[in-house]
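Chain residues, written in single-letter form:
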Amino acid sequence: MSEMKELILNRFSEVFGDGDGARAYFAPGRVNLIGEHTDYNGGHVFPCALTIGTYGVARIRNDRRLRFYSMNFEKLGVIEASLDELKPDKAADWTNYPKGVMWAFEEKGMKLPYGMDLLLNGNIPNGSGLSSSASVEVLTGFILRDFFGFDVSNQDLALIGQYSENNFNKVNCGIMDQFAIAMGKKDNAIFLDTATLSYEYAPVRLDNAKIVIACSNKKRGLGDSKYNERRNECETALAELQLMVKVKSLGDLDADTFEKFKKIIKSDVRIKRARHAVYENQRTIRAVTALKNNDIELFGRLMNESHVSLRDDYEVTGIELDTLVEEAWKVEGVIGSRMTGAGFGGCTVSIVKDEAIDSFISQVGAEYEKKIGYAADFYVVEIGDGPCVLD
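Residues numbered from 1 in each chain as written. Predicted model: local features only at pLDDT ≥ 70, side-chain atom pairs only at ≥ 80, totals over all residues. Heavy atoms only, no water.

### Comments concerning the layout of surface pockets
Phase 1: By volume, the second largest pocket amounts to about 190 Å³.
Phase 2: Every residue along the wall of the second largest pocket is listed here: K186, D187, V204, R205, L206, A209, K210, I211, V381, E382 and I383.
Phase 3: Looking at the lining of the second largest pocket, the element that brings in the most residues is strand β8 (residues 209-215), giving three residues.
Phase 4: Looking at the lining of the second largest pocket residue by residue, the class counts come to six nonpolar, no polar and five charged. (1 Å grid on protein atoms, 1.4 Å probe; cavity = no way out; pocket = protein on both sides within 12 Å on 5 of 7 lines; lining within 4 Å. Points joined across faces, edges and corners; volume = space filled by probe spheres on them. Helix = DSSP H or I, 4+ residues; strand = E, 2+ residues; numbered from the N terminus. Nonpolar A, V, L, I, M, F, W, Y, C, P; charged D, E, K, R; others polar.)

Below, the structure written as structure tokens:
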């Protein structure tokens, strides 16, 4: 991280005149190993923080101006705003994420006395589904706490990030992304009950295997995907079930209860959506048990089943993600592979034996490019900690 720290501090000085009083920070990206589209359905998820993420340099100003600069979007130059006019603005582009967090702090009674200069440089592939937006949100909250001494925990930072994305950026996301990033722990994934926010860390011991992320390079934005549509379908299905079954969320149902009452749901499409939410939650619980028992083969099979459900019942995969996963399944040494994130583009996550990684990347990469017409990118990743100051 020291090379990156030097790079971003130097760039900060070039962009904002000098680096006096500036501090460097990092917040990770995340990948969800299993438990997809369960977080807003009151189910369990199993994400982990990554060692790739968002680096930032920030400095307090003596006025209420905000100046933002991203090394990932250098053509946009410095984007300016004010703490006195925190509102979403299409022209403000990526800065709506940090602005949203500042707005959320103020909404929750934590007034920001001064503005700041903020430079970001992320090494999460943009639009990949590895939560670059949530990484920026948690990073911003972490910086505000560090600067102004607000009494908020890392879990609070996750909730503030979600609140800002829901209410400022109007993306109806669940809590998983921000929680995984704010609460990340090296070599552990987080088994999180999204209904209660109770969680436990589960060591991820991958003997002679690695997590490999394949980025489809099909760009998609959560807000303009069918994400909100899927969420509405699940909420309607839940409301229909609640006429006969005492449940607060789809995550409260086991498979037998769902099968018994599913005919109450008045649409075949909504039955499929709800079935995914129920069965995926049960799969996630089983997968964590498998990991605790060091049964990585079962964990991999459950990953595969998760993808099939996301493809057939939830219908959020698409040809790009299906190609990456179906080609991965053909490679000897792949323990499991599935899409991860909201879908409609983005990434897959695979657990691959060390000796198979090179052939996995070349074989899946070649077939993907042949079928889709452009290349995928591959990242062998490690599980890292949550946000930190770069000392």
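### Examining helix α11 (residues 357-372)
Phase 1: Here α11 is 16 residues long and its end C-alpha atoms lie 22 Å apart, about the 22 Å a rise of 1.5 Å per residue gives.
Phase 2: Along its buried surface, α11 packs onto β8, α10 (319-329), β9 (334-340), β10 (347-353) and β11 (377-381).
Phase 3: Following α11 by one or two positions, G373 adopts a phi angle in the positive range, close to 100 degrees. (Expected span 1.5 Å × (residues − 1). Contact = heavy atoms within 4.5 Å.)

### What to know about the packing of aromatic side chains
Phase 1: Applying the stated criterion to the full structure yields 17 aromatic pairs.
Phase 2: Ring centres of Y25 and F142 lie 6.2 Å apart, and the angle between their planes is 80 degrees; this geometry places the pair in the edge-to-face category. Of this pair, Y25 sits in strand β1 (residues 23-34) while F142 sits in helix α3 (residues 132-148), and the two are 117 residues apart along the sequence. Accessibility assignment for this pair places Y25 and F142 in one class, buried. (Phe/Tyr/Trp six-rings, centres within 6.5 Å; stacked < 30°, edge-to-face > 60°. Buried < 20%, exposed > 50% of the residue type's maximum accessible area, 1.4 Å probe, protein only.)

### Side note on the packing of helix α6 (residues 227-241) against helix α8 (residues 268-292)
Phase 1: One way to put it is that α6 packs onto α8 with a least axis distance of 9 Å and a crossing angle of 95 degrees. Taken together, the axis directions place α6 and α8 in an arrangement best described as roughly perpendicular. Every residue of α8 that contacts α6 at R230, E233, C234, T236, A237 and E240 is listed here: V269, R270, R273 and A274.
Phase 2: Looking at the contact of α6 with α8 residue by residue, the classes come out as four nonpolar, one polar and five charged. (Axes fitted to C-alpha atoms, helices over the stretch in contact; angles between N-to-C directions. Parallel < 35°, antiparallel > 145°, perpendicular 65-115°, else oblique.)

### Here we look at the side chain of T284
Phase 1: Tracing the backbone through its elements, the reader meets T284 in helix α8.
Phase 2: A polar atom in the side chain of T284 sits 3.4 Å from the backbone nitrogen of G35.
Phase 3: Polar side-chain contacts of T284 include one of 2.8 Å to the backbone oxygen of E280.
Phase 4: Not counting residues within four places of it along the chain, the set of residues in contact with T284 comprises I34, G35, H44, V45, F46 and F191. (Polar contact = N/O pair within 3.5 Å; in protein donor to acceptor, adjacent residues only side chain to side chain.)

### Thoughts on the sheet that holds β8
Phase 1: Reading across the sheet, the four strands line up as β9-β10-β8-β11 and stay open at both edges, with antiparallel pairing between neighbours. Every other strand in the sheet has two partners, leaving β9 and β11 as the edge strands with one partner each. Within this sheet the neighbouring strands show an average axis-to-axis angle of 20 degrees, counted without direction.
Phase 2: One ladder, built from seven bridges, connects β8 with β10; its direction is antiparallel. (Pairing = 2+ DSSP bridges.)

### Remarks on the packing of α3 against helix α4 (residues 154-167)
Phase 1: α4 packs onto α3 with a crossing angle of 125 degrees between their chain directions and a minimal axis gap of 9 Å. Taken together, the axis directions place α3 and α4 in an arrangement best described as oblique. For the pair α3 and α4, the crossing hand works out as right-handed. Facing S133, E137, G141, F142 and R145 of α3, the residues of α4 in contact are N154, L157, G161, S164 and E165.
Phase 2: When the residues that make up the contact of α3 with α4 are grouped by side-chain class, the tally is two nonpolar, five polar and three charged. (Left-handed = near helix turned anticlockwise from the far one by under 90°.)

In short, geometric facts, not functional conclusions.
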